[in-house]
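# Summary of the model geometry
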There are 2 protein chains.
Amino acid sequence: MTTTEQETPGTGSELDWRCINAIRFLSMDAVQKAKSGHPGAPMGAAPMAYMLWNRFLKHNPANPEWADRDRFVLSAGHASMLLYSLLHLTGYQLPIEQIKQFRQWGSITPGHPEVHITPGVDATTGPLGQGFANGVGMAIAERMLGATYNRPGHDIVDHHIYCIASDGDMMEGVASEAASLAGTLELGKLVCLYDDNNISIEGDTDIAFLEDVPARFRAYGWHVIGPVEGNDIRALETAIREGRDETQRPSLIVVRTTIGYGSPNKAGTASAHGEALGEEEIKLTREALGWEYPPFEVPGDVTEHMRSAVSRGQQLEAQWHKRFEAYRRDHPELAASFERDMAGDLPGNWDSELKSLRGTFDTPVASRAVSGKALAAITKNVPMLVGGSADLAGSNNTQVEGRGHFSAHEPQGRNMHFGVREHAMGAISNGMALHGGLIPYAGTFLIFSDYMRAAVRVGALSQQRVVWIYTHDSIGLGEDGPTHQPISQLMGLRLMPGMVVVRPADADETLEAWRVAMERKDGPTALILTRQALPPLASRGSEASAAGNVSRGAYIVKESSDTPDVILIGTGSEVQHALGAADILSNAGINTRVVSMPSWELFESQPDEYREHVLPRSIRARVSVEAGTKIGWEKYIGLDGVSVGMEGFGHSAPGGVTMEKFGFTAENVAQTALKLLRRQV
Amino acid sequence: MTTTEQETPGTGSELDWRCINAIRFLSMDAVQKAKSGHPGAPMGAAPMAYMLWNRFLKHNPANPEWADRDRFVLSAGHASMLLYSLLHLTGYQLPIEQIKQFRQWGSITPGHPEVHITPGVDATTGPLGQGFANGVGMAIAERMLGATYNRPGHDIVDHHIYCIASDGDMMEGVASEAASLAGTLELGKLVCLYDDNNISIEGDTDIAFLEDVPARFRAYGWHVIGPVEGNDIRALETAIREGRDETQRPSLIVVRTTIGYGSPNKAGTASAHGEALGEEEIKLTREALGWEYPPFEVPGDVTEHMRSAVSRGQQLEAQWHKRFEAYRRDHPELAASFERDMAGDLPGNWDSELKSLRGTFDTPVASRAVSGKALAAITKNVPMLVGGSADLAGSNNTQVEGRGHFSAHEPQGRNMHFGVREHAMGAISNGMALHGGLIPYAGTFLIFSDYMRAAVRVGALSQQRVVWIYTHDSIGLGEDGPTHQPISQLMGLRLMPGMVVVRPADADETLEAWRVAMERKDGPTALILTRQALPPLASRGSEASAAGNVSRGAYIVKESSDTPDVILIGTGSEVQHALGAADILSNAGINTRVVSMPSWELFESQPDEYREHVLPRSIRARVSVEAGTKIGWEKYIGLDGVSVGMEGFGHSAPGGVTMEKFGFTAENVAQTALKLLRRQV
């Protein structure tokens, strides 16, 4: 096989093929140098990726943050070298030294693409299916921002979302969920190239994946193109154009490729997937593809041709800026608002309505209900805060009246219906955040955070600003029973780096929790909210104000008259019982301090002095009270304290009953503290 | 509307409708009494459920454990009262008092069905999609056990798996994944009734779910029947028969129903879904359906008709027992083996091959590799141990040579190809365990345990015996980088009640970890295994044997010459560094104890004396070493110890480099201990 042999009539110029082969060899050489990585997918998918990037992708290598660029998501993140090769060759800030340092300590070319590490990467991918669903979220964002900001004669938001997905992406449920929603929403700007190489790690995809993928996507309402032969670059060009030009439905382009294409002995085999080809096989591949350049050398004509993306991109962005300035003249406020939204900045008055809610809840109210009111208040000033629920809007209090519902026919609607698809909701929300211009929120029951945990984790890793609204946060939800009662989920979210978890104890803490979430730009916040009503802490003896204190993570809500004998630490719905216990203990002559601790992460980020002030090292008689797993609370109670918490699963019964039976009462907390103190004496 | 009006010509007898209405009223009255629950789905689905149970379901209410019964999974678990009504009416051990105690403390009628609570419930459902995928697992088990045990003239395993699923189930990715695999595997004994009521909680399903479900299932290779009108019981009968008789493909019967059918004001509305109808509306529904009986009263003719299931069931089981005795005569060993497998008992010699591996690993080896050898050894004597990987068999070492691959054409194959479908793998494995006769195992990278966490949790809640094999268990996996490096997952599994997590430190600990997993009958075990090679602990100074110690959860691998100044606690790949640190510290004159702690849960179940022996309360200078989140380790190190662990995400680089850079070295552990001791002095 030679370069010429690839050129079946009309399938592309010599230069096109040299560029494609440059991508292939950069990829396989980098993997070989690292002795780690995935050469096969880049080799098979290089033609489609090249055609997309060279003929269609609207981007500017000099400014990877250009608001109206097309987005590109490599959902098959293991093919990272495909993307790094494209970024390098088209002139992004990714010099050849970084390609040589693929997968090494300190490089910006990690094993899988990471959006906060490498300029030009639009999404952190690798865990399969996530990128595909991110793409759906980006397409939602494009549609919604277009509906918000475009005006007749001013299409300032008008770009496409392109995605390359693998067999593995197609098998993952999160992609199925997202594809179904994308079809329902008629996301015409979304174009997914399906790299159908018929090979999975365990062998031929037939062993586990005999379904008819095109028929499935047609059932979702997608526009399905192909199959297209993966080396037929004219057909690829036609197919991508067709996908781009279809505006009513998302497009799936089925591309039949050969994994490890060009490798005489490994093409079409699973062994080309996840390991370096080996020096000898790469040599044979060089011969087979007629590639005469040593590793990491890119011939001048290829560089010149690929780097044309820079001037093209600058020109494209310049044209857009010109159009944007015209827009600014006609719609100065909209233009300012668009720029602010894309920068992720909040308007100066963002919290005026939120503030006005402070102190207005003087009877018991569920924190989920307060959250709903907070959302309504904030969105008045922050239209870019958008989201919804996985079919539990009424329970999660995520719906904001008067904002419509986002759909194909109401693109300006700002309440999302995600359907019963928690995992896709997670990845789609990440995609909306990745796109920029929106602050997404997404709600479900806390128990179902498990369904979406993989997406939430990638969002935390990639530092995306999303507000997760998790209601029905404990056995206090009652009758739905153990299948729905979260035990490990709250602590599980705290384990996740990059996540801020806030579990407010009353209405005012809930308002402050929303403040924390809104002011956080560099990562997600999880709000943990009750189904059941919570009394105002003030009505139970709190002496402190939530305002200015929730953001510190923990604070003293009731101080003992003298040096505390015991410290009671509660979160959320259990702080009331800690306060009640303090009354009982004080009556028994025990000096008791009560700490409300809505957020571990915020408390840990406080200065040592503050933390020592709240929880002095010398006071070891400590009791934590939280209706979730006890495991983890030793962080604050140590080896000498006691947790009032859960050890097993819950029980189906009215919430007041479950709470009492499992010991979440003032009396039991007080008794627990007394026993603890006696043991120490 | 009256009962008679429902009887359009040829759609069933008066008695059929009385039975159907009995189900409806038991359901709505129980929900009303509880003032909590989901009446709408039972009211709409009662006809299909009645026809299935009355005309087709092979079961014996007197013996819910009969091996060859049909399985019934109510994937739409929120419709629990439908199932409880059926169990009560057909004569299971579910008296009317339990129906009256629906969703109350101490009842066996929890909010959603729980397999370990209520006789006759075949799967714990409620979290949507799980039950559907459980059904796929049960159908796999039926096929595999049939291929193993049936002999010409002796079909002792020959039953169907029936499932009722809702719109919500259809939207969940886990069901999509499972459906695709079920189509590939041609699971003809699986029949799913899709309760297509077009209503979701947020409103009409059109808002988020416009896909063509039948077309999607056809794309998966399913046999799709319908749509059938939900009150046309003759059509339902024909459809169920057609589904049952189709042997080559799983069947989906699309049934168009009306949620809350019969309720004059709430039928067809979302409000009928998740709350009691109200006394007044129930009264109106009684009038509309011509139901003259007070709440919880079942007319005699209905009871008589429904209870015929008891005599029919006893007859069916008696016939089967007769056939089984004939089988026993012809195949005594197979019969004994079948009974043992169905009881979940291990053969007496189960561990003979496993034992012979002890002490045979004297050079460094990855715990995943040892796990693969353990699996090969155990399966020689325990054929019922079956499973596979979500397309990472080679990396997870889950494939056992010589056992074939389970497929439509090789039903006796015992390696599973789950495809890139972690979540379905989890729920399918649970379903295999629920069926009985098999001990399923399932592997993927530890990071992807997040994808399947919802299924793993339901398995733990429902006490199902599954071995989860999680490899690539830390940043030590290296180059794949942060997208693939687990930080929170190991601790996250420990948070889950009912789960036993074992992270072995070397080859011998790995063999013992498998022993723990095999001997555990009442819940899942997660094995946490390395990608990288681990030296035998003995080569690093361990003085203890893994045998007999791993099952205690933690044990002293190196004792200090005098009362310890410091205790180093390590797990898995980090124990070697704790041992190395002990050498350094001992040389510096510091009395150092090293504890290997493969399993928190096993350690916690030890007597106080043993725990005090390993970790004396008086010794507070403690250092934990684990390449995962530090959060949680305070359980053992308290407020005075230090963790060597992870705080952020990892980094893409060779595993040896990441381990060293993040401080997992003997030197750093020793330095950390020294600093700790100095601070205390």
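Here the structure is a predicted model, which means the values were calculated and not measured.

Turning our attention to the overall build of chain A. Scanning chain A from terminus to terminus reveals 26 helices and 20 strands. Oriented by its inertia axes, the alpha-carbon framework of chain A measures out at about 95 × 60 × 45 Å. When contacts within chain A are restricted to residue pairs at least 6 apart in sequence, those whose partners lie at least 24 apart make up 76%. Carbon and sulfur atoms provide 48% of the accessible area of chain A, an area that totals close to 20,300 Å². Of the charged side chains in chain A, 61 are positive and 82 negative, and the gap between their average positions amounts to 4 Å.

The next point concerns the nonpolar core. Ranked by size, the top nonpolar core spans 320 residues in total, and within it Phe132 of chain A together with Phe132 of chain B carry the most contacts. Leaving out residues up to four positions away in the same chain, phenylalanine 132 of chain B has contacts with Ser75, Cys163, Ala165, Met170, Ala175, Ala178, Ala179, Cys192, Phe217 and Trp222 of chain B. Phe56, Leu74, Ile164 and Val302 of chain B belong to the second-largest nonpolar core, a separate cluster that totals 65 residues.

This part covers the sheet that holds strand E16 (residues 555-558) of chain A. Residue and element names in this part refer to chain A. With mixed pairing, the 5 strands of this open sheet are ordered in space as E16-E18-E17-E19-E20. Of all the strands in the sheet, just E16 and strand E20 (642-646) have a single pairing partner and so form its edges. The mean inter-strand angle of the sheet, taken between neighbouring strand axes irrespective of direction, is 25°. Two elements, strand E17 (residues 566-570) and strand E19 (residues 622-629), share 4 bridges in a ladder whose sense is parallel. Directly across from isoleucine 569, in E19, lies its bridge partner serine 624. With respect to the sheet, helix H21 (residues 575-587) is in contact with E16, E17 and strand E18 (592-596), its orientation differing from that of E18 by roughly 175°.

What follows deals with the environment of glutamate 422 of chain A. As for its placement among the helices and strands, glutamate 422 of chain A is situated in helix H17 (residues 422-435). In sequence terms glutamate 422 of chain A and valine 174 of chain A are 248 residues apart; their C-alpha atoms lie 8.6 Å from each other. Among all residues touching glutamate 422 of chain A, those that are not within four sequence positions of it are Glu177, Ala390, Thr444, Phe448, Tyr451 and Met452 of chain A together with Glu172 of chain B.

With an axial shift of 0.0 Å and an RMSD of 0.0 Å, the rotation relating chain A to chain B amounts to 180°. What the rotation and shift describe, once combined, is the action of a two-fold rotation axis. Mapped onto chain B, 100% of the interface residues of chain A again fall at the interface, so both copies present the same surface.

Our focus in this paragraph is the interface of chain A and chain B. Facing the 106 residues of chain A at the interface are 106 residues of chain B. For the pair chain A and chain B, the two sides together bury roughly 8,400 Å², of which 60% comes from carbon and sulfur. Across the contact surface, chain A and chain B share 10 salt bridges. In this structure, lysine 635 of chain A engages glutamate 634 of chain B in a salt bridge whose closest nitrogen and oxygen atoms are separated by 3.7 Å.

With respect to the helices and strands, the residue valine 386 of chain A is situated in strand E9 (residues 385-389). Excluding anything up to four places from it in sequence, valine 386 of chain A contacts Met144, Arg403, Arg414, Met432, Leu438, Ile439, Pro440 and Tyr441 of chain A.

Let us look at the sheet that holds strand E2 (residues 161-166) of chain A. Residues and elements named next belong to chain A. Pairing in this open sheet of 5 strands is parallel, and the strands run E1-E2-E3-E7-E6 from one edge to the other. Across the chains shown, the open sheet's two edge strands, defined by having one partner strand only, are strand E1 (71-74) and strand E6 (223-229). The average undirected angle you get between the axes of adjacent strands in this sheet is 15°. Two strands pair when backbone bridges link them, and E2 and strand E3 (residues 190-196) are joined in this way by 6 bridges, in the parallel orientation.

Note on pairing: side chains with opposite charge can pair once their charged atoms come close. Residues and elements named next belong to chain B. The final tally for this structure, using the stated rule, is 81 salt bridges over all chains. Across the pair glutamate 512 and arginine 515 runs a salt bridge, and its minimum N-O distance is 3.4 Å. With glutamate 512 and arginine 515 both in helix H20 (residues 507-519) and 3 residues apart, this pair spans about one turn of that helix. Accessibility assignment for this pair places glutamate 512 and arginine 515 in one class, buried.

Before going further, it helps to spend a moment on the side chain of lysine 266 of chain B. Residues and elements named next belong to chain B. The residue lysine 266 is located in the loop between strand E7 (251-256) and helix H11 (279-289) in this model. Salt bridges are absent for the buried lysine 266, whose nearest opposite-charge side chain, glutamate 275, sits at 4.7 Å. Here leucine 277 takes part through its backbone oxygen, which lies 3.0 Å from a polar atom of the side chain of lysine 266.

Residue and element names in this part refer to chain B. Mapped onto the fold, glutamate 237 is located in helix H10 (residues 233-245). Overall, the relative accessible area of 15% leaves glutamate 237 in the buried class. Not counting chain neighbours up to four residues away, the residues in contact with glutamate 237 comprise Met51, Arg55 and Phe56.

Inspection of the entire model under this criterion finds 46 aromatic pairs over all chains. Relative to phenylalanine 217 of chain B, the ring of phenylalanine 132 of chain B lies with its centre 6.1 Å away and its plane at 80°, an arrangement referred to as edge-to-face. Taken together, the positions of phenylalanine 132 of chain B in helix H6 (residues 130-149) and phenylalanine 217 of chain B in helix H9 (residues 213-220) put the pair 85 residues apart, joining distant regions of the chain. When sorted by exposure, phenylalanine 132 of chain B lands in the same class as phenylalanine 217 of chain B, which is buried. Taken together, the ring pairs connect Trp66, Tyr149, Trp320, Phe324, Tyr327 and Phe338 of chain A into an aromatic cluster.

Glancing now at the pairing of strand E20 (residues 642-646) of chain B. The side chains of a regular strand alternate between the sheet's two faces. All names here are of chain B. Among the 5 residues of E20, 4 are classified as buried, and the element is accordingly described as predominantly covered. The pairing of strand E19 (residues 622-629) with E20 spans 4 bridges and is classified as parallel. Bridging across to E20, valine 625 finds its partner in valine 644.

Residues and elements named next belong to chain B. Burial runs high along helix H4 (residues 80-89): 10 of the 10 residues are buried. Looking only at H4, the buried set comprises Ser80, Met81, Leu82, Leu83, Tyr84, Ser85, Leu86, Leu87, His88 and Leu89. Taken together, the buried residues of H4 touch helix H2 (14-34), helix H3 (40-56), strand E1 (71-74), helix H5 (96-100), strand E2 (161-166) and helix H12 (300-330).

Turning our eyes to something else, we now look at unusual backbone geometry. Cis geometry is adopted by the peptide bond preceding proline 227 of chain A, which originates at glycine 226 of chain A and carries an omega value of 10°. Counting through the fold element by element, proline 227 of chain A comes out in strand E6. Its identity is not glycine, yet arginine 103 of chain B carries a phi of approximately 65°, on the positive side. Mapped onto the elements, arginine 103 of chain B comes out in the loop between H5 and H6.

Here the focus is the packing of helix H15 (residues 367-381) of chain B against H20 of chain B. Residues and elements named next belong to chain B. Direction vectors running N to C along H15 and H20 enclose 50°, while the axes themselves pass 9 Å from each other. For the element pair H15 / H20, the angle class is oblique. Handedness of the crossing formed by H15 with H20: right-handed. Residues Ser367, Val370, Ser371, Ala374, Leu375 and Ile378 of H15 form the contact with H20, whose own contacting residues are Ala507, Thr510, Leu511, Trp514 and Met518. Each residue belonging to the contact of H15 with H20 can be placed in one class, and the counts come to 8 nonpolar, 3 polar and no charged.

It is worth spelling out the pairing of strand E11 (residues 439-445) of chain A at this point. All names here are of chain A. Among the 7 residues of E11, 7 are classified as buried, and the element is accordingly described as predominantly covered. Relative to E11, E9 is paired through 5 bridges, and the arrangement is parallel. Bridging across to E11, valine 386 finds its partner in proline 440. Sheet topology note: the E11/strand E12 (residues 467-471) ladder contains 5 bridges and is parallel. Across the sheet, the residue bridging to tyrosine 441 is valine 467, located in E12. Of the crossover connections in this fold, the one passing from E11 over helix H18 (residues 453-461) to the parallel E12 is right-handed.

All names here are of chain B. Interhelical geometry of H4 versus H12 gives an angle of 90° and a closest axis separation of 8 Å. Taken as axis vectors, H4 and H12 run roughly perpendicular relative to one another. Contact with H4, carried on its side by Leu86, His88 and Leu89, involves Val302, Thr303, Met306 and Arg307 of H12 and no other residues of that element. Each residue belonging to the contact of H4 with H12 can be placed in one class, and the counts come to 4 nonpolar, 2 polar and 1 charged.

This paragraph deals with the side chain of aspartate 506 of chain B. All names here are of chain B. Checked against the element boundaries, aspartate 506 lands in the loop between strand E13 (500-502) and H20. Notably, aspartate 506 is buried but unbridged: the nearest opposite-charge side chain belongs to arginine 540, and the N-O separation is 9.9 Å. Within polar-contact distance, the side chain of aspartate 506 engages the backbone nitrogen of glutamate 509 at 2.9 Å. Excluding its chain neighbours within four sequence positions, the residues that come into contact with aspartate 506 are Leu534, Pro535, Pro536 and Leu537.

The rules behind these values
Residues numbered from 1 in each chain as written. Chains lettered and ligands numbered in written order. Predicted model: local features only at pLDDT ≥ 70, side-chain atom pairs only at ≥ 80, totals over all residues. Heavy atoms only, no water. Helix = DSSP H or I, 4+ residues; strand = E, 2+ residues; numbered from the N terminus. Contact = heavy atoms within 4.5 Å. Areas by Shrake-Rupley, 256 points an atom, 1.4 Å probe, with all protein chains shown as cover. Lys, Arg positive; Asp, Glu negative; His and termini not counted. Charge placed at Lys NZ, Arg CZ, Asp CG, Glu CD. Core = buried A, V, L, I, M, F, W, Y, C linked by side-chain atoms within 4.5 Å. Buried < 20%, exposed > 50% of the residue type's maximum accessible area, 1.4 Å probe, protein only. Pairing = 2+ DSSP bridges. Axes fitted to C-alpha atoms, helices over the stretch in contact; angles between N-to-C directions. Least-squares fit on C-alpha atoms with pLDDT ≥ 70 in both. Buried area = accessible area lost by both parts, 1.4 Å probe. Salt bridge = Lys/Arg side-chain N within 4 Å of Asp/Glu carboxyl O. Polar contact = N/O pair within 3.5 Å; in protein donor to acceptor, adjacent residues only side chain to side chain. Phe/Tyr/Trp six-rings, centres within 6.5 Å; stacked < 30°, edge-to-face > 60°. Parallel < 35°, antiparallel > 145°, perpendicular 65-115°, else oblique. Left-handed = near helix turned anticlockwise from the far one by under 90°. Nonpolar A, V, L, I, M, F, W, Y, C, P; charged D, E, K, R; others polar. Right-handed = clockwise from strand over helix to strand, strands pointing away.

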